[in-house]
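# What the coordinates show
The chain contents come next:
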Amino acid sequence: MYKTRSLPNTRIDVADALRGIAVAGIILYHSVEHFNIFTQEQIIHALPSDQTVADILAWLLSGKMYGIFAMLFGLSFFIMNDNQQQKGRCFSGRFAWRMCLLFMFGVVNVTFYDGDILMLYACYGLLLIPISYLPSWAVWCIIGVLAIQPVELFCLLTGYEIDHTRFYEISGIINNAHEHGTFWENSLTNLRYGFEVNLRFNVFSGRLTQLLCLFILGMQLGRQRLFYDEGRNLNVWHLVLGVSSVLTIALSFVTFGGLETWLHPIYSLIILLMIVSGVVSAWYAFKGVRSVLHHLCIFGRMSLTNYLLQSVIGCSIFCGYGLGCYYKLGITYAVLIGLAMVIVQYSFARFWFSSHPRGPLEGLWRKLTWIGKK
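The rules behind the values
Residues numbered from 1 in each chain as written. Predicted model: local features only at pLDDT ≥ 70, side-chain atom pairs only at ≥ 80, totals over all residues. Heavy atoms only, no water. Helix = DSSP H or I, 4+ residues; strand = E, 2+ residues; numbered from the N terminus. Buried < 20%, exposed > 50% of the residue type's maximum accessible area, 1.4 Å probe, protein only. Contact = heavy atoms within 4.5 Å. Expected span 1.5 Å × (residues − 1). Arc of directions from axis to C-beta. Phe/Tyr/Trp six-rings, centres within 6.5 Å; stacked < 30°, edge-to-face > 60°. Lys NZ or Arg CZ within 6 Å of the ring centre and 35° of its normal. Salt bridge = Lys/Arg side-chain N within 4 Å of Asp/Glu carboxyl O. Core = buried A, V, L, I, M, F, W, Y, C linked by side-chain atoms within 4.5 Å. Axes fitted to C-alpha atoms, helices over the stretch in contact; angles between N-to-C directions. Parallel < 35°, antiparallel > 145°, perpendicular 65-115°, else oblique. Nonpolar A, V, L, I, M, F, W, Y, C, P; charged D, E, K, R; others polar. 1 Å grid on protein atoms, 1.4 Å probe; cavity = no way out; pocket = protein on both sides within 12 Å on 5 of 7 lines; lining within 4 Å. Points joined across faces, edges and corners; volume = space filled by probe spheres on them.

Assignment of secondary structure puts I266 in helix α12 (residues 260-285). Since its relative accessible area comes to 18%, I266 is described here as buried. It is 23 Å that separates the C-alpha atoms of I266 and L28, two residues lying 238 residues apart in sequence. Setting aside anything within four residues of it in sequence, one finds I266 in contact with A147, I148, Q149 and Q210.

Quick look at helix α4 (residues 92-110) now. Across its 19 residues, α4 extends 27 Å between first and last C-alpha, which sits within 8% of the 27 Å expected from 1.5 Å per residue. Taken together, the buried residues of α4 touch α3 (64-86), α5 (118-131), α9 (183-205), α14 (303-318) and α16 (360-369).

A few words now on helix α2 (residues 50-61). For α2, with 12 residues, the first-to-last C-alpha span of 16 Å sits near the 16 Å given by 1.5 Å per residue. Within α2, the full set of buried residues consists of D50, A54, L57 and L61. The buried residues of α2 occupy an angular sector of 75 degrees when the element is viewed end-on, so they sit on one face. For α2, the exposed residues set more than 90 degrees away from the buried face come down to Q51 and I56. Packed against the buried residues of α2 are α1 (13-32), α3 and α15 (331-353). G63, located one to two residues past α2, shows a positive phi value of around 85 degrees.

As a further point, take the packing of aromatic side chains. Taken as a whole and assessed by the stated rule, the structure comprises 24 aromatic pairs. Aromatic side chains F183 and Y321 sit 5.3 Å apart centroid to centroid with 80 degrees between the ring planes, which places their arrangement in the edge-to-face category. Note that F183 is positioned in helix α9 and Y321 in the loop between α14 and α15, a separation of 138 residues in sequence. Aromatic pair Y326 and Y327: ring centres 5.0 Å apart, planes at 70 degrees, arrangement edge-to-face. Through a chain of ring-to-ring contacts, three or more aromatic side chains come together here, namely F69, F73, Y121, Y124, F215 and Y307. The cationic tip of R98 hangs over the ring face of W365; the distance from NZ or CZ to the ring centre is 3.7 Å. Here R301 stacks its cationic end above the ring of F353, 4.2 Å away from the centre of that ring.

The subject of this paragraph is the pattern of salt bridges. Per the counting criterion, the structure on display carries six salt bridges. Notably, a salt bridge pairs E196 with R166, separated by 2.8 Å at the nearest N-O pair. Within this pair, whereas E196 is found in helix α9, its partner R166 is found in helix α8 (residues 165-180), the two being separated by 30 residues in sequence. On the basis of relative accessibility, which here comes to 30%, the residue R166 falls in the partly exposed class. Note that E230 and R225 form a salt bridge whose closest N and O atoms lie 3.0 Å from each other. With a relative accessible area of 8%, R225 lands in the buried category. One network of salt bridges, in which partners are shared, links R166, E169, E196 and R200.

Here is a general trend for soluble globular proteins: nonpolar side chains tend to be buried in one another's company. Ranked by size, the top nonpolar core spans 100 residues in total, and within it I68, L102, Y121, I216 and F227 carry the most contacts. If one sorts the elements of this core by residue count, α1 sits on top with 13 residues. Excluding anything up to four places from it in sequence, F227 contacts I12, V14, L18, M71, L75, L221, W237, V280 and Y284. By size, the runner-up hydrophobic cluster in this structure holds five residues, among which are F167, I174, Y193 and V197.

Let's shift gears to the packing of α9 against helix α10 (residues 207-224). One way to put it is that α9 packs onto α10 with a least axis distance of 6 Å and a crossing angle of 95 degrees. Relative to α10, the element α9 lies roughly perpendicular. Note on element contacts: α10 touches α9 through R207, L208 and L211, opposite L199, F201, N202, V203 and S205. Residues of the contact of α9 with α10, tallied by class, amount to five nonpolar, two polar and one charged.

So, on to empty space enclosed by the protein. Within this structure, the stated rule accounts for three cavities of 30 Å³ or more. Within this model, the largest cavity holds a volume of roughly 50 Å³. In terms of lining, the largest cavity is formed by Y2, R5, S6, L7, N9, F78, D82, R223 and R225. Classifying every residue of the lining of the largest cavity gives three nonpolar, two polar and four charged.

Encoded structure:
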């Protein structure tokens, strides 16, 4: 059974920077996808660069930003849990309540954006509670099993095929509401099908076990204190960066063929590790990098608020009940809209933090988490 090492858990600025990168990347890729509106209509303002922009951002962002978000979620759980253990308190019940609150935030978010991840993350988060009691060797074993995509590997070895008919069916219903429905029709459709379609998409894309893997990995990296500049930690990150970079380059020239459903999620995980290790290595090696990424720290400290804000703003821009840009703007222009959203939300974060210690929803979540406690 794991026991705290009673070491101080100070704020990790590089984790805030990674969180800011993840949220900004999520906003940009949601813009590429027109906030989950895949129309068959002719795009009015398209550019020759659209497909190239889509391919580059899919390679860099798709699945990686949500994965970084999941890893940092696990890290945050460890810090809160360890802090309470050092005070001789059990955090399990309080964390379960915190996940219930996150699920409710997700219900609010899904009324705007059907691709909400908060409800699913709240369910994954509950699994961290029993796993947090396991010794590190057992946790590493679980991470290893989940990292090899066990569901996809089982299907590959046995020939079993998962039926995705229901996923395509409800995706079509949701997409039709986005294009032609009123705000209320969108909200009711999202509330009815949003959680299900996201769960089915995670099965479809291979993220079902991978996100849980990253949740647990984040917790384990917290145990090992790898996000601090201590001991030989930077050597570990440099090794991860070197290995992941070589594997990324090598796999970029490989055609997966019939192994696509199994190997592609693993390839995405390797790219994610390359991004994270590259950012951590550069953060501690170069003062200039820290100065630049400090702006993303501000963005990352308000990650929950920014995530909900992007749903409200983005869907108002792209959905049919709003400006209807889903068929007006091609991918290049849509990415520029996403960049504008990041800048506006960053400006709001700077303004807010000039007089508040936490973001608005972050502060509310914290107060409700500890309700009844002095």
